[in-house]
Amino acid sequence: MASNGIRDRVAIVGMGCTPFGERWDKGADDLLVDATKDAIASAGVALDDIDAFWLGTLGAGNSGLTLSRPLKIDYRPVTRVENFCATGSESLRNACYAVASGAYDLAMAIGVEKLKDSGFSGLTGIHQVGDGTGTSLTSPAAFSFLAPSYAHKYGVDPEELKEVLTRIAWKNHYNGARNPRAQFRKEVSLETISRSPRVAGELGVFDCSGVADGSAAAIVCRAEDAHRYTDRPLYVKGLSMVAGPAAGPIDPEYDYTTFEEVIRSAQDAYRQAGVTDPRAQLAMAEVHDCFTPTELVLMEDLGFAERGMGWKEVLAGTFDLDGELPVNPDGGLKSFGHPIGASGLRMMFECWLQLRREAPAERQIKSVTEGGRTLGLTHNLGGGPGECVSFVSVVGSEPSD
Amino acid sequence: MTSGIGAWGVYLPFWRLERKAIGAALGGPSGRGTRTVASYDEDTTTLGVEAGRRALEVPGGWTPDQVLFSSPEPAYQDKTNATTVHAALGLPQRVAAFDMVGSVRSAVGALVTAVATADRTPTLAVLADIRTGLAGGADERDSGDGAVAFACVADGAVAELIGRASASDEFLDRWRVPGEPYSHQWEERFGEQAYVPLAQAAFADALKSAGIGLDDIDHLVVAGLHVRAVKATTGSLGVEAAVVAPDRTGAVGNLGAAQLGVGLADVLERATPGQTVVTLQLADGADAQVWRTTDALPAAQEARRAAGLATVADQVEAGRSDLSYASFLTWRDQLHREPPRRPEPTRPGAPNMLRTEAWKFGFSASRCLACGFRHLPPTRVCLRCKSVDQMEPDRLADVEGTVATFTIDYLAYSLAPPTVGVVVDFDGGGRFRCELTDCDPDAVGIGTRVQMTFRRLYSADGMHNYFWKARPLDAPSDGDGPAGDATMGAVGSKAPASGKEA
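As the structure is a computational prediction, the values presented were derived from the model and not from experiment.

Now for the overall build of chain A. Counting its regular elements, chain A contains 14 helices and 11 strands. The C-alpha radius of gyration computed for chain A amounts to 20 Å, which stays within 12% of the reference 21 Å derived for 401 residues, consistent with globular compactness. Projected onto the principal axes, the alpha-carbon positions of chain A cover approximately 55 × 50 × 45 Å. Sorting the 401 residues of chain A into buried and exposed places 61% on the buried side. For chain A, contacts bridging at least 24 residues in sequence account for 79% of all contacts bridging at least 6.

Right, dumping it as structure tokens:
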């Protein structure tokens, strides 16, 4: 058994990302065309130059035709992938491996989702015929199990934990207010967040990510070819994806304060990337803040904070835009909503901007410009506490020595 | 060999509607007391399952040869409801399951047939009813929902059927065309005049058939939806008022098909050996039964206490009576409320349900033979030791558990929002996440003790989706042992229930 990784063998040489939001004006086809146009322009290539495509979507369509039809791609491989909320990241991972293998020279990963056309509130599942014994609980309810368990385990007063969660939402909205592509581009006061109507457990509306449409895309090639397309490629340092045995819901030992899948995928990605101290080495992280308690737990599972101390680091501002390790500097799922297939690539798009120092001045992070850090992390998880898939990538603006 | 009733089980739903709530909403007087209300996730099948579980608990290991299910309000037509009851009770495939659905009279027919043939065909008779009525009407106000089940045994009976008689007649007192949500009734005094002579005749013939006189009667139960006829009959039979069983309808309502059986169970919980009980039901004629309790009764009563089974009297006192009239109307489909902007539940697949029948209906998990890890739902590959196909079935329907964590879901689709989600750790191992029903969301916490209950999760496209939920268990009050023994859980509703059982 080995997870050898492809450190520095593949580079991202172009990216595109549509504005996210209630895109009543755009269908999935339009969003795919928009993201593709941006990505190929960014890489300075034509659609015909791309040898193979990976399309991530949960429900915008089945098969590669979902992409080849609107883009009129001429007889080339287009693979549709799906892996819950890590779908967009999964498309990138597969495209990277394809060029690393030498099978193709230039590949595109693209993700899209069109959630707002359903007419329903919140996320809705894709119907599969079952035996009717599945849970009726919604996603916010499943993730809301984390908050009381965390408070109980670490002796945090529930009121104080509520402040912590509120601050996570506040921070992400603060960042999103500085991002023209975000769905929500306004700061939200702590009071508004903490008083928002309950959705599940301790979670209010503002503890939940929004529902949005959007698309994002990345063009990848082997690292040695990167400078044909850009002076400032992003090098892929590590890519890890794990699916767990879905132990949490059936194992009495699971305590709802951690995601084992995240721990495992982070360890794997760090090992591939040569990261030994993520808090000190990473310039930034884009993590899966589907709900505020998720981001809190992720700070510990990703090794950004000691176990049981994440809540203090949140309150101390460690993960703020001007903090030691900015987390979700683009505003996160909180500000962008979560078009499933697009989110992972949207996160990578922020690494693309920040590590290349192309982010707007009001949110360009100092860990890059002043701290000289060159590594960024993206993370997705799909499923729920105790039963999920998790993806972690590490990318960098410099090749390793 | 003493065949007859070997055990009984009664289930009265958790929810009660105060009659004054009806008056408060509609104006005008509405009477005192409460009526039982089947929850939004209950139907006559699930009520029957709960009664059946209680009837099967005490004989401990007794298995009937057949299940008879009777209700005027069956969940399905052209599909046997008794098979659902059979599956939820975890009975073996060889046990027959028949519906005897129809009018209230069918219920007494099912019971008497079961008892009369028990020497050759031990039978579980399950009688359940959900009484409906239009808003503001007498049926809505005076009826109730509930179920009763009798284990009719070939030997070891606690009550023998020593005489019976019927008086059949064709007249229109109460009727309902299939599909109608409520029944119609002819003018009250007409029914009274039709019923009383029939009831008197059946009563007299039954005594004659048993070879007893009026003075031999220790307990009398008279049941029927025609309240005025029941009263007039009872007063005309010449029995002393002291032998007439207590009227529970003020707190419970008239339970229709279950009323006679619940009355009989109520008597059996108080009777002594060698007593004579007469039950008389007025429904499209009259049917009278004469029972004699046996020396086996005290042991059965004691076993029920030891198992923590709530008596009828306990259940009458229990429950929660702050159900709003608006919720009641919503649950009975008489008030159409704006649904949440969420997808409606979709129907399950018939093949899927057949494949997982033992789990879905019987709540049978799997336990790894190699390492003992318990899996809910059952799996083929062990989570802990990864052994493949080394599992034995492990029915947990009667095993209690403890809430490990919980949440209140305000977004999930439900007729009674908010949905309470709990993660349950079962005594003896195993974890499952499910809904908590019959609860006060504010009173749920980590450590809350729960038991499982069979419910209808929802209906879609004319299909009912049954599965199990958790419901709070009251703290043990009679202290006969620590919670933690995982054999057969006490299923008493709100009555003192022990954490450990016989």
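It is worth spelling out the packing of helix H5 (residues 146-154) of chain A against helix H6 (residues 158-176) of chain A at this point. Residue and element names in this part refer to chain A. The interhelical angle for the contact between H5 and H6, taken along N-to-C directions, is 125°, at an axis separation of 10 Å. Overall, the two elements H5 and H6 adopt an arrangement that is oblique. Of the two elements, H5 crosses H6, and the hand of that crossing is right-handed. From H5, Ala 147, Tyr 150 and Ala 151 reach across to H6, where they touch Pro 158, Leu 161 and Leu 165. Among the residues forming the contact of H5 with H6, the class breakdown is 6 nonpolar, no polar and no charged.

Taken residue by residue, the interface counts 31 residues in chain A and 35 residues in chain B. Breaking the side of chain A that touches chain B down by element, the ones donating at least two residues are helix H4 (139-144), H5 and strand E5 (198-200) of chain A. The residue makeup of the side of chain A that touches chain B, split by class, is 15 nonpolar, 13 polar and 3 charged.

What follows concerns the sheet that holds strand E4 (residues 106-114) of chain A. All names here are of chain A. Strand order across the open sheet formed by 9 strands is E3-E2-E4-E7-E1-E8-E11-E10-E9, with mixed pairing between neighbours. Edge positions in the open sheet fall to strand E3 (78-81) and strand E9 (282-286), since each of these has one partner strand only. Strand-to-strand twist of the sheet, defined as the mean angle between neighbouring strand axes without regard to direction, takes the value 25°. One ladder, built from 4 bridges, connects strand E2 (residues 52-56) with E3; its direction is parallel. Paired with Leu 55 across the strands is Arg 80, a residue of E3. Contacts from helix H3 (residues 87-100) reach strand E1 (10-17), E2, E3, E4, strand E7 (213-222), strand E8 (234-243), strand E10 (375-384) and strand E11 (387-396), with the element oriented near 170° to E4.

It is worth spelling out the nonpolar core at this point. Counting residues in hydrophobic clusters, the biggest one holds 278 residues, and the most contacted among them are Ala 107 and Val 220 of chain A together with Val 126 of chain B. Apart from the residues within four sequence positions on either side, Ala 107 of chain A is in contact with Ile 50, Asp 51, Ala 52, Phe 53, Trp 54, Ala 95, Ala 98, Val 99 and Val 220 of chain A.

As a further point, take the pairing of strand E7 (residues 146-153) of chain B. Residues and elements named next belong to chain B. The buried count for E7 comes to 8 of 8 residues, which makes it a mostly enclosed element. Because side chains alternate across E7, one face comprises the buried residues Gly 146, Val 148, Phe 150 and Cys 152, and the other comprises Ala 147, Ala 149, Ala 151 and Val 153, equally buried. Across 7 bridges, the pairing between strand E6 (residues 123-129) and E7 is antiparallel. Looking at E7, one finds that Ala 128 is bridged to Ala 147.

Residue and element names in this part refer to chain A. Counted at 1.5 Å a residue, the expected span for H3 with its 14 residues is 20 Å, and the 20 Å between its end C-alpha atoms agrees. Among the 14 residues of H3, 12 are classified as buried, and the element is accordingly described as predominantly covered. Among the residues of H3, Thr 87, Gly 88, Ser 89, Glu 90, Ser 91, Leu 92, Arg 93, Ala 95, Cys 96, Ala 98, Val 99 and Ala 100 are the ones counted as buried. Of the residues flanking the end of H3, it is Gly 102, one or two places downstream, whose phi is positive at about 90°.

Here the focus is H6 of chain A. Here H6 of chain A is 19 residues long and its end C-alpha atoms lie 27 Å apart, about the 27 Å a rise of 1.5 Å per residue gives. When you tally the buried positions in H6 of chain A, you get 14 out of 19 residues, the bulk of the element.

Moving on to the sheet that holds strand E15 (residues 374-375) of chain B. Residues and elements named next belong to chain B. With antiparallel pairing, the 3 strands of this open sheet are ordered in space as E15-E14-E16. Looking at which strands have only one partner, the edges of the open sheet turn out to be E15 and strand E16 (391-395). Inspection of the sheet shows strand E14 (residues 364-368) paired to E15 by 2 bridges, in the antiparallel sense. In the sheet register, Ser 366 faces E15, and the bridge partner there is His 375.

All right, on to the domain arrangement of chain A then. All names here are of chain A. On domain assignment, one finds that chain A holds domain 1 (10-119 + 213-228) and domain 2 (140-202 + 237-396). Of note, the centres of domain 1 and domain 2, computed from C-alpha atoms alone, are 24 Å apart. Taken together, the 32 residues of domain 1 in the interface contact 31 residues of domain 2. Of all the secondary structure elements, the ones that give two or more residues to the side of domain 1 that touches domain 2 are E1, H3, E4 and E7. The biggest single contributor to the side of domain 1 that touches domain 2 is H3, with 7 residues. Of the residues assigned to the side of domain 1 that touches domain 2, the class counts are 18 nonpolar, 10 polar and 4 charged.

What counts as what
Residues numbered from 1 in each chain as written. Chains lettered and ligands numbered in written order. Predicted model: local features only at pLDDT ≥ 70, side-chain atom pairs only at ≥ 80, totals over all residues. Helix = DSSP H or I, 4+ residues; strand = E, 2+ residues; numbered from the N terminus. Rg over C-alpha atoms; globule rule 2.2 N^0.38 Å. Buried ≥ 20, exposed ≤ 12 C-beta atoms within 10 Å, placed from the backbone. Contact = placed C-beta atoms within 7 Å. Axes fitted to C-alpha atoms, helices over the stretch in contact; angles between N-to-C directions. Parallel < 35°, antiparallel > 145°, perpendicular 65-115°, else oblique. Left-handed = near helix turned anticlockwise from the far one by under 90°. Nonpolar A, V, L, I, M, F, W, Y, C, P; charged D, E, K, R; others polar. Pairing = 2+ DSSP bridges. Core = buried A, V, L, I, M, F, W, Y, C linked by C-beta atoms within 7 Å. Expected span 1.5 Å × (residues − 1). Domains from an automatic or database assignment.

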